[in-house]
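Each chain, written out:
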Amino acid sequence: MIHVNEGQCGLCAHYGEHHSDDMLVQIRIDGTAPEGYINECGHPAVEGLHLRTPANGACDGFKAA
Ligand code: SF4
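Residues numbered from 1 in each chain as written. Predicted model: local features only at pLDDT ≥ 70, side-chain atom pairs only at ≥ 80, totals over all residues. Heavy atoms only, no water.

1. Notes on unusual backbone geometry
Just so we agree on the cut-off: Every helix listed is a DSSP run of H or I at least four residues long, and every strand listed is a run of E at least two residues long, numbered separately from the N terminus.
The phi angle at H50 is positive, at roughly 55°, despite the residue not being glycine. Position of H50 relative to the elements: it lies in the loop between β3 (38-40) and β4 (52-54).

Written out as structure tokens, the structure reads:
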């Protein structure tokens, strides 16, 4: 498992914005994610690029979920 901290994708409102799943809900509750979990970033700046990141990725577009 990997730890997901404030400022990282797993706790960002844009993470899985259009592709939420049960695991993402669990990541936000537990603050941990399975190794290899990825989801799509829904930030408008990368719309159309289908950027997929691990739960412990990060960028300056973070917005708390
Ligand atoms: S890449 Fe940035 S905007 Fe997208 S989910 Fe991660 S922290 Fe949020």
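Following the structure, the description resumes.
2. Structural notes on the layout of surface pockets
Put simply, the rule reads: Only protein atoms enter the calculation, which uses a 1 Å grid: trapped sets of points that fit a 1.4 Å probe without letting it out are cavities, open sets showing protein on both sides within 12 Å along at least five of seven lines are pockets, and any residue with an atom within 4 Å of a point is a lining residue. Grid points are joined across faces, edges and corners, and a volume is the space filled by probe spheres set on the points. Residues are sorted three ways: Asp, Glu, Lys and Arg are charged, Ala, Val, Leu, Ile, Met, Phe, Trp, Tyr, Cys and Pro are nonpolar, and all the rest, Gly among them, are polar.
Volume-wise, the largest pocket comes out at about 200 Å³. For the largest pocket, the lining is made up of 17 residues, of which C9, C41, L51, A58 and C59 are closest to its centre. Looking at the lining of the largest pocket, its residues break down into ten nonpolar, seven polar and no charged.

3. Description of the site of the ligand
Here is the rule we go by: Near residues are defined by distance, with any heavy atom within 4 Å of the molecule or strand qualifying the residue. Think of it this way: a molecule belongs to a cavity or pocket when more than half its atoms come within 2 Å of the grid points there.
Every residue close to the ligand is listed here: C9, C12, H14, Y15, C41, H43, C59 and G61. The cavity where the ligand resides is the largest pocket. Of the residues belonging to the shell around the ligand, the class tally is five nonpolar, three polar and no charged.

4. Quick word on the packing of aromatic side chains
The geometry of an aromatic ring pair is captured by two quantities: the separation of the ring centres and the angle between the planes. We apply this condition: A pair of Phe, Tyr and Trp rings is counted when the ring centres sit within 6.5 Å of each other, with Trp represented by its six-membered ring. The angle between the planes then sorts it: under 30 degrees is stacked, over 60 is edge-to-face, the rest tilted. For every residue, the accessible area obtained with a 1.4 Å probe (protein chains only) is divided by the maximum for its type, and the residue is called buried under 20%, exposed over 50%, and partly exposed between those limits.
Summed over the entire model, instances satisfying the criterion amount to one aromatic pair. For the pair Y15 and Y37, a centre-to-centre distance of 6.4 Å together with 65° between the ring planes defines the contact as edge-to-face. On the criterion of sequence distance, the pair formed by Y15 in the loop between β1 (2-3) and α1 (22-30) and Y37 in the loop between β2 (32-33) and β3 is long-range, its members being 22 residues apart. Each member of the pair, Y15 as well as Y37, is classed as buried.

5. Some points on the side chain of T53
Just so we agree on the cut-off: What makes two residues a contact is simply this: any of their non-hydrogen atoms within 4.5 Å.
Tracing the backbone through its elements, the reader meets T53 in strand β4. Non-local contacts of T53, meaning those with residues more than four positions away in its chain, are made with C9, Y15, Y37, I38 and N39.

6. Overview of the environment of Q26
Relative to the helices and strands, Q26 is located in helix α1. The exposure class assigned to Q26 is partly exposed, which follows from its relative accessible area of 36%.

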